[in-house]
Amino acid sequence: MATPIEAVGLSKVYMSRFGTRRITALGGIDLRVEQGQVFGLLGPNGAGKTTTVKILLGLTRPTSGSASLLGLPASNPESRRRVGYLPEGHRFPGYLTARQTLTIFGRMSGMDSALVRRRAPELLERVRLSEWADVRVKKFSKGMTQRLGLAAAMIHDPEVLLLDEPTDGVDPVGRREIRDLLQEEARRGKTVLLNSHLLSEIERTCDRVAVLRGGRVAAAGRIEELTASGSRYKLVATGVDDVLLAAFRETGASVQRVNGHFDLSARDLDHVNALVDRLRAAGGKLQELTPLRTSLEDVFVDLVRESGGGAHGAPPNPQSGGGAHGAPPSPQSGGGAHGAPPSPPGPTSERPS
Amino acid sequence: MRAFVASVQEVFREAAARWTLIAYFALSTLFILLFAAAVNLDIVNGALAGMKLFGQTVDLPDRQIRIDELVLGFESTFSGVLYFVGLFLALFATAHLVPRLQEKGTIDLYLSRPIGRVSLLLSRYTGGLLLAAANVAYMIGAIWLIVAWKTRVFHPRFLLSGIVILFTIATLMAFAFLVGVITSSTAVSLMGTYAVFFLAAILALHTQISAAVSTEIVARLVEGFYWVLPKTAELGKATVALVAGDEAPARLTIVNPVAIYGSTALFGVASLGLASWLFSRKDF
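### What to know about the interface of chain B and chain A
- Chain B puts 23 residues into the contact, and the matching count from chain A is 22 residues.
- For the side of chain B that touches chain A, the secondary-structure elements that each account for two or more residues are helix 1 (2–17) and helix 5 (107–111) of chain B.
- The greatest single-element share of the side of chain B that touches chain A, amounting to seven residues, is contributed by helix 1 of chain B.
- When its residues are assigned to classes, the side of chain B that touches chain A shows nine nonpolar, five polar and nine charged.

### Side note on the pairing of strand 12 (residues 254–258) of chain A
All names here are of chain A.
- As defined by bridge partners, strand 12 adjoins strand 13 (residues 261–265) across five bridges and the pair is classed as antiparallel. The partner of Gln256 across the bridge, within strand 13, is Asp263.
- Between strand 12 and strand 13, which pair antiparallel one after the other, the connecting turn spans two residues, and Asn259 there sits at a positive phi close to 45 degrees.

### Comments concerning the confidence of the model for chain B
- When pLDDT is averaged across chain B, the result is 87; 97% of the residues are at 70 or more.
- Reported for the predicted complex are a pTM of 0.78 and an ipTM of 0.74.

### Overview of the sheet that holds strand 10 (residues 216–222) of chain A
All names here are of chain A.
- Spatially, the six strands line up as an open sheet ordered 6-7-8-3-9-10, and their pairing is mixed. Each edge of the open sheet carries a strand with a single partner, namely strand 6 (83–86) and strand 10. Neighbouring strand axes in the sheet, compared pairwise and without regard to direction, differ in orientation by 15 degrees on average.
- Judged from the four bridges that link them, strand 6 and strand 7 (residues 160–164) form a sheet pairing that is parallel. Counterpart to Tyr85 in the pairing with strand 7 is Leu162.
- Strands in contact with helix 1 (residues 49–56) are strand 3 (38–42), strand 7, strand 8 (191–195) and strand 9 (208–213); relative to strand 7, the strand with the most contacts, it is inclined by about 145 degrees.

### Re the pairing of strand 7 of chain A
All names here are of chain A.
- Burial analysis of strand 7 places five of its five residues in the buried class, the great majority of the element.
- Where burial is concerned, the two faces of strand 7 agree: the one with Val160, Leu162 and Asp164 and the one with Leu161 and Leu163 are both buried.
- Where strand 7 meets strand 8, five bridges bridge the pair, whose relative direction is parallel. In the strand pairing of strand 8, Val160 is matched with Thr191.

Analysis parameters
The residue count restarts for each chain, going from 1 along the sequence in the order it is written. Naming scheme: in the order in which they are written, chains are lettered from A and ligands are numbered from 1. For a predicted model such as this one, the threshold for reporting local features is a pLDDT of at least 70, and the threshold for listing and counting side-chain atom pairs is 80 or more; totals across whole chains, interfaces and linings nevertheless cover every residue. We call two residues in contact when their backbone-placed C-beta atoms lie within 7 Å. A run of H or I in DSSP becomes a helix once it reaches four residues, and a run of E becomes a strand once it reaches two; helices and strands are each numbered from the N terminus. Polar here means any residue other than Ala, Val, Leu, Ile, Met, Phe, Trp, Tyr, Cys and Pro, which are nonpolar, and Asp, Glu, Lys and Arg, which are charged; Gly is therefore polar. Strands qualify as paired when DSSP identifies two bridges or more between them. What pLDDT reports is the predictor's confidence in each residue, on a scale of 0 through 100. Geometry is summarised by axes, namely lines fitted to C-alpha atoms with helices restricted to the contacting stretch, and by angles between N-to-C directions that run from 0 to 180 degrees. Here a residue counts as buried when 20 or more other C-beta atoms sit within 10 Å of its C-beta, as exposed when there are 12 or fewer, and as partly exposed otherwise, the C-beta atoms being derived from the backbone.

Here's what the structure looks like:
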């Protein structure tokens, strides 16, 4: 089967109105999302997330590089036949009812009327809008409009979903439902590309992410890989005294007492096991040993801060085009990121995995 | 094809929902009712014995007026009025079609579907033209029926006037689409199209204007503009002449119909072609 979403060396340079300034929205990114993945695209404002999605959908033409959906070039309208899109800040005609909206956009996706009539009620049920099926969209709250947008994106049962801020304005229960719905779609083999500012949503929903910064992929990979904190552990044990701590340190480990537990850094797994053996030999009892992880938010903030938080107008550098591949990480690629390996997270607040 | 048809239907649905369709047909109905109420004819033995316009008695000439002659004159004059009314109403009702489509948050919804950009634009154009055609048919058909009902004279040539009116609407709507694609503004589309309409009407006097200007360059410019722009004044005359048939006065005769219709059609095709090209290259 063709790769659901693929971009190679994608760049986009906007010119100012009188052609006096070049603004680089994308500086040559590679992106590959495999079937059944829920892939998150992260980045600060202006990082190039929406431009990437728009190029994939043929709404914007790339300056260089190529993009394809399900093996067809993004410029070919046929590539969108099996793709559903929920744009950010979409505006459905207010005079349409929810049912009419699904009918029109279903037919615009090439569905016949009978199929749309069958599928629309099912989808409205899935997004909890059944009771509002015949109410005009202009009466809808933002969250309801968002849920309708999701239904419109899914009306033709697409194989690929591109969603720009799908939970924007949706209440916590609704968010949870959308999350469940997307995961259900992924289980059915659908591919989802999620573009969101809500890092906690991404963390809970996505298998893999790519962080864009200044039009480049700053980091990419599985969330566990990005948030892994090296050989750092939370240690809870009895019988740990200063003598034992000094003995730990003599082996090269770093250990600190933090809020009733120990923050332990070791060289590797063997080193950790050796320390545990030593603890037991000294009569101590292990209660908990947990690898520490940073949150996705910490990773994100670190990455953005590295570049001074700016994301606009970064000049393209053909030598260092970043890439994010949804394929399983290879040892060479540092967890699926090509050209721009994930930056190590800084000393930020940790949470147990 | 389904997407194209759905988009055409959407034009009608939008027109109905936004009151455009209702206002469009309500104004046309008002025009028709005014006409029906204003004209009161007294016909005796196939000749006009008396006539009232807006309740006022019209002084008839001494010679007897044949009723079919009256209907012909009446309908041919009225086709000229309909040319302007139909054109203006049609442009008002359709000028928003492109600017509204290009609004942020709307265009993404349409272009993310498997429909080509040119097809999408042409579906809007087709929808707008069908809307205008329905209205022109309604106005012409209703007035034709009223005249036939009041005079018992059926003069089918009057119905032909709709063809020239629709041809002119198609041309100017193409230009309105072009302005709409470039500016995304309904107001500018309307102003630009009306400007072309009036400028082209003034340029119908291009021979006199060219003779009156002081330099050769300006004269050539006037001639150039005349041939580039649609021939709105000539087409107005052509509408009347088409209805009058052999009875049309000499002043309504178009000297070179192929050039008039041809250059106008070329303007429309070029406008729509350019609009399609720009729309297909635009970044949203």
